[in-house]
Amino acid sequence: MTATVGPQVQAAARANEVWKLYGSGEAQVAALRGVTAEFERGRFTAIMGPSGSGKSTLMHCLAGLDSVTRGTVSIGETTVTGLGDSGLTKLRRDKVGFIFQQFNLLPTLTAQENILLPLSIAGRKPDPAWYDTVIDTVGLRDRLKHRPAQLSGGQQQRVACARALVARPEVIFADEPTGNLDSRSGAEVLNFLRNSVREHGQTIVMVTHDPTAAAYADRVIFLADGQIVSELVEPTADTVLDTMKKLDTPAEVAR
Amino acid sequence: MFRATWKSLLARKVRLLLSGLAVVLGVMFVSGAFVLTDTLGRSFDAVFADGYSNIDVIVSAKPKVELSEAEGEQVAAPVPASVVDQVKAKVPGATDVTGLVNADGARLIGSNGKVVTSFGPPQLGENWVGENDLIQLRDGSREPRADDEIVINQALADAAKVKVGDRVGVLTLEPKKEFTIVGVFGYSGGRDSMGGVNEVVFTTPVAQRLMLGKPDTFSSVSVQAADGVSAERLRDDVSAALGAGYEVKTGEQAAADQAASLKEALSFFNKVLLGFAAVALLVGTFLILNTFSIIVAQRTRELALMRAIGASGRQIIGSVVLEAIAVGLIASVLGLAAGIGVGALLAYLFGKLAGGLSLAGLGVPPAAVIGAFGVGLVITVVAALLPALRASRIPPIAAMQDVATPDRPLTKVTVAGGIVTAIGAVLLFLGLDGHAGDNTLATILGGVLFAFIGVALLTPLISRPVVSLLGALFSWSVPGKLGRLNSGRNPRRTAITAAALMVGIALVTGVTVILDSAKGSISKLAADTIKAELVISGAQSGPRPPSFDPAVLEKAAAIPGVQLVDGEYGDMGTVNGTRTWVAASSNVAALQRIFGAKATAGDISRLGPDQMLFSSDTAKSRNVSVGSQVTVQLSRGEARTYTVSGIYESSELTNPVLLPPQAAADFAIPQPIQGFVQLAPGAKVADVQPRVETLLADSPEVSVADRDAFIKQQTSQLDTPLRMIQILLALAIVIAVLGIINTLALSVLERTRELGLLRAIGLRRAQTMRMITVEAVVISIFGALLGVAVGTGLGAAVVRALKDEGITDLILPWGQMGVFLVLAAIIGVIAAVLPAVRAARINVLGAIAHD
């Protein structure tokens, strides 16, 4: 099944007939089998699926972190497939932001320094107005001088979100951003992500296995066995859960 | 990016400091060497400048044989007394023209009956020319007036424990003579000696006879300028008045020239210290390489994150290299500071040893600073390059998942190791086999370096079987088994750590093999060859060999039971214009009868006063055969022509050329320096030895020993350099120990979770510590084994190459090797202490929750 997109919305990221194979010979495993998907600009898309469905692999391939075996991936105007290391580096600097399950903040830097790290790596100055907006949105103004170890999990993840946002990337990829958080902190982070899409037109692609988290998205696509099997627009936690249940059953049978 | 690098560096400062310590030690050696030589150099400058401070112009004759400081004291050619009158008569600007006697070799016998020795500064015999600004008699002293009166400097009086009024013996060109000390003098500023020089001052005629061997001659003539005449002007006038054949210098020039020749000897010392610094730095390189590798491995996730948020590979390399630069800089600063301290300490000790050299202010020459920073930075950055490259290859995806680092195959590194080792072996072969010509030393050193790096690269491969074999010794307990498995877990890391230890131990083993083999070979040759039951000789402490009264030779020959006595004289002279060690024998027959020499041409059993003998090697290289006319210039006297009357087969114990005994009168030391006594069949050593001993009563520098004792004494001269080298190389081993501590500490940190788990399931603290200790001991014994093996190989190669030089037997110091292995085990235990304590203290709960 192919995820569709309205013609009026331009795609921020696109996967076209993407295959990803690991290993060779008898040990060969197909993580992705001909996935074609578009992620619209200014929308919040969740990728769901049972573990082993290939949802993380799809995200890694979309973000240029992993190479694809067949097919092409593009972000904005840039074709990711076939880019060399310097091209990929430039892509990550200019077009892509990441939010990780483990937060991945540098323990030695303060919150502010962590947030500004991508810009300083690229040798750019932050846009002060945008920086202020980001800081106010994540609500960390009084925590900027703290080290990650002095922050709660939710605060750390908000620092990570601010880090991804501050460079205004084409797409932010979030890998289970609430996986390590309690439900309240998780909700805060998800609200914040949704707001950045609604208010600032940010594009976010989030991998999750939590139906509640997925319900914050504008659209959910479901993967199973390396293929897109279903899609929900304007999901709620219940509809997502139902879809998941339906997906699980044939998978059980298939085994 | 810079800030991130800087902060992450600060967060790991202890770890980096530990690796930086290796650089600190190396840099300390480099800068210490420069500081030491600079300080001593300036001190000598000051001594000589002082010594010539009251002399405007000095006239001397060209020495007959010019020697460098390392070859021994040069003998100045005598200046006839008539020069004094000539200058007085012909040079109007000259006032106060004084003839000076000033020669090495005045040895005072102290109150304990032993000769006061010197470790380097000359023991001057001089003529008294009165007090001046520099030289002042102390209270209760007067000048020498009679032939048997002397004055001596305060430092010598102290060393000999003698005072004004004492009768003392002095050895000079002539055998012991007795004198009364009538005065003791010191120098301006209340100093007791000038740079540790001992001075015995006679009346002028006595000094001429005893120190120069010729009446009415001087070593030099000093001339003072009249008012309004510059020293340069006076120099030119004196030079013009005397004509060619004399060296006329201003006092300043003479001081600078003398200091320069001493400094040449110091620069050799400097090079030796730099050599040891190089070894320390090589070992340090391994240590830094390892530390940075481990740190990069531990920071995989962090570095991957940097990549994921847009850092380029080059930026990652830059960040690791920047860290290296910071470590290098800090280590260089610390090393420089420590080096200045060490240099000052060594200079102080040197001054003491040299008999109270008053040191110039401590100086830090630019070479020390440039050397410190250059070496410190380059070494650290070079060592960090490989880890930096590896860091840049970390995929960004590693930030998201635990990428299992695959056990990289060792093929590449093994092939590289094989190639590098082969290059090292080829270079060694070329160097040792004499194919490298002028670059022999560089080729050999390059070969050793390549061999070390090559073996280090091969070490991961070797480590697998050897480490598991070694570990089997400890596998009887669970902690032992775990420790053994841990040490085999990361072959590269284990290998580099062990390789660092290997370098130090290999060098010590190699040097020991070479020197032991040399000792053994020489002893064997001497025992096989020398057919003299008793030997007269003394231990040499300074540049001048001990000597004895030639009358002893004749008296010894008259002792019943003595069959043959031979006294050996030696001098550095020129033969057909080439500098050569020349010898003379009081009894040419000894060449065949004591030393077993065989004639290859002519007759070597006798020697006329105008004849000389050549060894076969020297004859060949100088293109000389029986009947050739050869010109020989000795330290004293004029050049003479000898006819070659015979050629003897060369061996390690034969001299290059042999002159008739009459020639010895013109030697720098016209007294025998060794004596060989052959007994008649049936005569007992115990009967003859005491009688020879009695004869030597007035020659306290030497003693008589039986042949075995003599051989032992001769070969034991190699023990001192061996000890010195071992002590200096111990530094390299200390650095390697730091490496083991570092590797273990980092491994413990890396395995926090695992250690916590082991503790959680019941491993006791003591068991945890034992586990870490076993790992350390296995690594260090492995390193020592490698070192002993490589060192034996290198040593054996050198010994083989020196076969023609007379080192025929390869002697392996098994005992020493055993000591190294035991030492390595102890080192391992010591190195494990801190990491083990740390591991044992791990908070179990915290460790399991540790992310």
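Residue indices begin from 1 for each chain and proceed along its sequence in written order. Chain letters start at A and ligand numbers start at 1, both assigned in the order the entries are written. Where local features are concerned, this predicted model is filtered to residues with pLDDT of at least 70; where side-chain atom pairs are given and counted, the filter is 80 or more; whole-chain, interface and lining totals use all residues.

As annotated in an unreviewed UniProt entry, chain B carries the name ABC transporter permease and is attributed to Micromonospora sicca. UniProt positions are given in the numbering used here, feature names are shortened, and annotations may be inferred rather than shown by experiment. Looking at chain B in UniProt, the text filed under Subcellular location (unreviewed entry) is "Cell membrane". According to the UniProt record, the Sequence similarities (unreviewed entry) comment for chain B is "Belongs to the ABC-4 integral membrane protein family."

Going by an unreviewed UniProt entry, chain A carries the name ABC transporter ATP-binding protein and comes from Micromonospora sicca.

Draft legend 1. How the structure looks around the overall build of chain B. Going along the chain from the N terminus, every DSSP run of H or I of four or more residues is numbered as a helix, and every run of E of two or more is numbered as a strand. The secondary structure content of chain B amounts to 24 helices and 24 strands. Counting only C-alpha atoms and orienting by the principal axes, one finds that chain B spans roughly 100 × 75 × 50 Å. Among the 851 residues that make up chain B, the fraction classed as buried is 49%. The contacts in chain B between residues at least 6 apart in sequence include a share of 83% that link residues at least 24 apart. Buried, partly exposed and exposed are defined by the number of other C-beta atoms within 10 Å of a residue's own C-beta, namely 20 or more, between the two limits, and 12 or fewer respectively, with C-beta atoms placed from the backbone. Residue pairs qualify as contacts under a 7 Å threshold applied to their C-beta atoms, which are placed from the backbone.

Draft legend 2. Inspection of the UniProt feature "domain: ABC3 transporter permease C-terminal" (unreviewed entry) in chain B at higher detail. Taking the UniProt record as the reference, the feature "domain: ABC3 transporter permease C-terminal" (unreviewed entry) is found at residues 276-396 and 727-843 of chain B. Between the C-alpha atoms that bound residues 727-843 of chain B there is a distance of 41 Å. The span itself is 83% helix and 0% strand.

Draft legend 3. Structural context of unusual backbone geometry. All names here are of chain A. Of note, E17 is a non-glycine position whose phi angle comes to about 50°, a positive value. By the secondary structure assignment, E17 is in strand β1 (residues 11-22). Overall, the presence of 14 C-beta atoms within 10 Å leaves E17 in the partly exposed class.

Draft legend 4. Looking closely at helix α11 (residues 411-432) of chain B. All names here are of chain B. Under the convention used throughout, the expected extent of a helix is 1.5 Å for every residue step, that is, one less than its residue count. When the terminal C-alpha atoms of α11 are compared, their 31 Å separation across 22 residues agrees well with the 32 Å that a helix rising 1.5 Å per residue should span. Inspection of α11 places G417, V420, T421, G424, L427, L428, G431 and L432 among the buried residues, and these make up the whole buried set. Take α11 and look down its axis: the buried residues cluster within an arc of 125°, on one side only. Turned more than 90 degrees off the buried face of α11, the exposed positions are T411, K412 and V415. Directions from the helix axis toward the C-beta atoms define the arc.

Draft legend 5. Main features of the interface of chain A and chain B. On the side of chain B, 21 residues touch chain A, which itself brings 21 residues to the contact. Residue assignment for the side of chain A that touches chain B shows that the elements contributing at least two residues are α2 (85-94) and α3 (111-122) of chain A. Per element, the largest residue contribution to the side of chain A that touches chain B is six residues, and it comes from α3 of chain A. Class assignment for the residues of the side of chain A that touches chain B results in nine nonpolar, six polar and six charged. Under the scheme applied, nonpolar residues are Ala, Val, Leu, Ile, Met, Phe, Trp, Tyr, Cys and Pro; charged residues are Asp, Glu, Lys and Arg; polar residues are all the others, including Gly.

Draft legend 6. Summary view of the domain arrangement of chain B. Here chain B is described as being made up of domain 1 (1-53 + 254-403), domain 2 (54-253), domain 3 (462-529 + 711-851) and domain 4 (548-698). Put simply, the middle of domain 1 of chain B and the middle of domain 4 of chain B, counted by C-alpha atoms, are 53 Å apart. An automatic or database domain assignment provides the domain bounds reported here.

Draft legend 7. Expanded view of the sheet that holds β1 of chain A. All names here are of chain A. In space, the four strands of this open sheet follow the order β2-β1-β4-β5, with antiparallel pairing throughout. Every interior strand has two partners, whereas the edge strands, β2 (29-40) and β5 (78-79), have only one. Of the pairings in the sheet, the one linking β1 to β2 comprises eight bridges and is antiparallel in character. Bridging across to β2, V18 finds its partner in V35. Angular values range over 0 to 180 degrees, each being the angle between N-to-C directions of two axes fitted as lines to C-alpha atoms, with helices fitted over their stretch in contact. Strands in contact with helix α1 (residues 55-62) are β1, β2 and β4 (70-75); relative to β1, the strand with the most contacts, it is inclined by about 120°. Any two strands between which DSSP finds at least two bridges are classified as paired.

Draft legend 8. Focus on the packing of helix α3 (residues 82-90) of chain B against helix α6 (residues 231-242) of chain B. Residues and elements named next belong to chain B. Packing of α3 against α6 brings their axes to within 10 Å, and their N-to-C directions diverge by 115°. The crossing of α3 and α6 is right-handed. Contact residues: α3 offers V83, Q86, V87 and K90, while α6 offers V238, A241 and L242. When its residues are assigned to classes, the contact of α3 with α6 shows five nonpolar, one polar and one charged. Whether a crossing is left-handed or right-handed is set by the direction in which the near helix is turned from the far one by less than a right angle, anticlockwise for left-handed and clockwise for right-handed.

Draft legend 9. Region of interest: the environment of G284 of chain B. Residues and elements named next belong to chain B. By the secondary structure assignment, G284 is in helix α7 (residues 251-298). The class for G284 is buried, based on 32 C-beta atoms found within 10 Å. Separated by 506 residues in the primary sequence, G284 and V790 place their C-alpha atoms 19 Å from one another. Not counting residues within four places of it along the chain, the set of residues in contact with G284 comprises A22, V23, G26, I379 and I735.

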